[in-house]
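Letter by letter, the chains look like this.
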Amino acid sequence: MTDVTPGAARPFLTAAASGGPRGDWDRYFLTLAEAAATRSTCTNRQVGAVIVKDRHTVATGYNGGPRSYGHCNEGACPRSNTGAATGFDYSDCIAIHAEANAILFSSPADRQGATLYTSTFPCWECAKLLANSGIAEVVAHATYDGHDRVKTFLQDAGLRVRVHATPA
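Residues numbered from 1 in each chain as written. Predicted model: local features only at pLDDT ≥ 70, side-chain atom pairs only at ≥ 80, totals over all residues. Heavy atoms only, no water.

### Concerning the overall build of the protein
Broken down by element type, the protein carries seven helices and five strands. Order of helices (α) and strands (β) in the protein, N terminus to C terminus: α-α-β-β-α-α-α-β-α-β-α-β. For the protein, buried positions account for 37% of its 168 residues. Across the protein, the fraction of contacts at a sequence separation of at least 24, relative to all contacts at a separation of at least 6, is 54%. With the model as given, the accessible surface of the protein reaches about 9600 Å², and the carbon-plus-sulfur share is 53%. (Helix = DSSP H or I, 4+ residues; strand = E, 2+ residues; numbered from the N terminus. Buried < 20%, exposed > 50% of the residue type's maximum accessible area, 1.4 Å probe, protein only. Contact = heavy atoms within 4.5 Å. Areas by Shrake-Rupley, 256 points an atom, 1.4 Å probe, with all protein chains shown as cover.)

### Observations concerning helix α6 (residues 124-131)
Among the residues of α6, those classed as buried are Cys126, Ala127 and Leu130. The buried side chains of α6 occupy one side of the element, clustering within an arc of 105° when seen end-on. For α6, the secondary structure elements touched by its buried residues are α4 (98-104), β3 (115-120), β4 (137-142) and α7 (147-156). (Arc of directions from axis to C-beta.)

### Thoughts on the pairing of β4
Relative to β4, β3 runs parallel, the two being bridged by five bridges. Within β4, the residue paired with threonine 120 across the bridge is alanine 142. On the question of chirality, the crossover connecting β3 to the parallel β4 by way of α6 is right-handed. A crossover connection joins β4 to the parallel strand β5 (residues 160-163) through α7; in handedness this β-α-β unit is right-handed. (Pairing = 2+ DSSP bridges. Right-handed = clockwise from strand over helix to strand, strands pointing away.)

### Quick word on the nonpolar core
Among the nonpolar cores identified, the biggest contains 18 residues, and Ile51, Leu116, Leu130, Ile135, Val138, Leu154 and Leu159 are the most heavily contacted of them. Among all residues touching valine 138, those that are not within four sequence positions of it are Leu116, Thr118, Pro122, Leu130, Leu154, Leu159, Arg160, Val161 and Arg162. Of all hydrophobic cores here, the second largest spans seven residues; its members include Leu30, Val50, Val52 and Val139. (Core = buried A, V, L, I, M, F, W, Y, C linked by side-chain atoms within 4.5 Å.)

### Some remarks on the side chain of asparagine 63
Locating asparagine 63 in the fold gives a position in the loop between β2 (56-62) and α3 (78-82). Exposure remark for asparagine 63: the relative accessible area of 6% places this residue in the buried category. Among the polar contacts listed, one links the side chain of asparagine 63 to the backbone oxygen of arginine 45, at a separation of 2.6 Å. Among all residues touching asparagine 63, those that are not within four sequence positions of it are Ser40, Thr41, Cys42, Arg45, Gln46, Val47, Ile96, His97 and Ala98. (Polar contact = N/O pair within 3.5 Å; in protein donor to acceptor, adjacent residues only side chain to side chain.)

### Looking at the sheet that holds β2
On the basis of which strands lie adjacent, the open sheet formed by five strands has the order β2-β1-β3-β4-β5 and mixed pairing. The outermost strands of the open sheet, each flanked by one partner alone, are β2 and β5. The sheet shows a mean angle of 20° between the axes of neighbouring strands, direction not considered. Note: strand β1 (residues 48-53) against β2, six bridges, orientation antiparallel. Following the sheet pairing, valine 52 is matched in β2 by threonine 57. (Axes fitted to C-alpha atoms, helices over the stretch in contact; angles between N-to-C directions.)

### Observations regarding the packing of α6 against α7
Interaxial distance between α6 and α7 falls to 10 Å at its minimum, and their mutual angle equals 10°. The angle between α6 and α7 falls in the class roughly parallel. In contact with Trp124, Ala127, Lys128, Leu130 and Ala131 of α6, α7 contributes Arg149, Val150, Phe153 and Leu154. (Parallel < 35°, antiparallel > 145°, perpendicular 65-115°, else oblique.)

### Let's talk about the pairing of β1
The side chains of a regular strand alternate between the sheet's two faces. With five of six residues buried, β1 is to be regarded as a mostly interior element. Between the antiparallel neighbours β1 and β2 lie two residues, among them aspartate 54 with a positive phi of about 55°. Note: β1 against β3, four bridges, orientation antiparallel. Paired with valine 52 across the bridge in β3 is threonine 115.

Right, here's the structure in full:
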């Protein structure tokens, strides 16, 4: 059993890498988004999202098939079954994205003025949902080619957008 003495350094998180012995809030919530991504059933990309308000987790989400439907990684996704390249043939994808699931599992009051942390920058479709959700800020860990268009859209819609450069 590991010693959990208050104030003791954790082996996975050092003060130098985290901005202090407890780490900073962005790293903490991005780590939760990365943990949510481990639940993903998508065969192409695992993404997690966390909605946070007043430093409290409101909802989490990960990408995968709809409730009561087969999992993508078990053959239920037509897009996955065709071996489509990343960025193509999304009309055949059954997955609900992490950001959309987090929005679905939170109330409008919970989202108002909240921050969404995500392990990968939101796609265009999720950006539209975010712009209409009441969420005030998006903090992303990873980006992809073309994310600048989505970033500009979110900013034009009045959301603050930050990309966290250091790994969660």
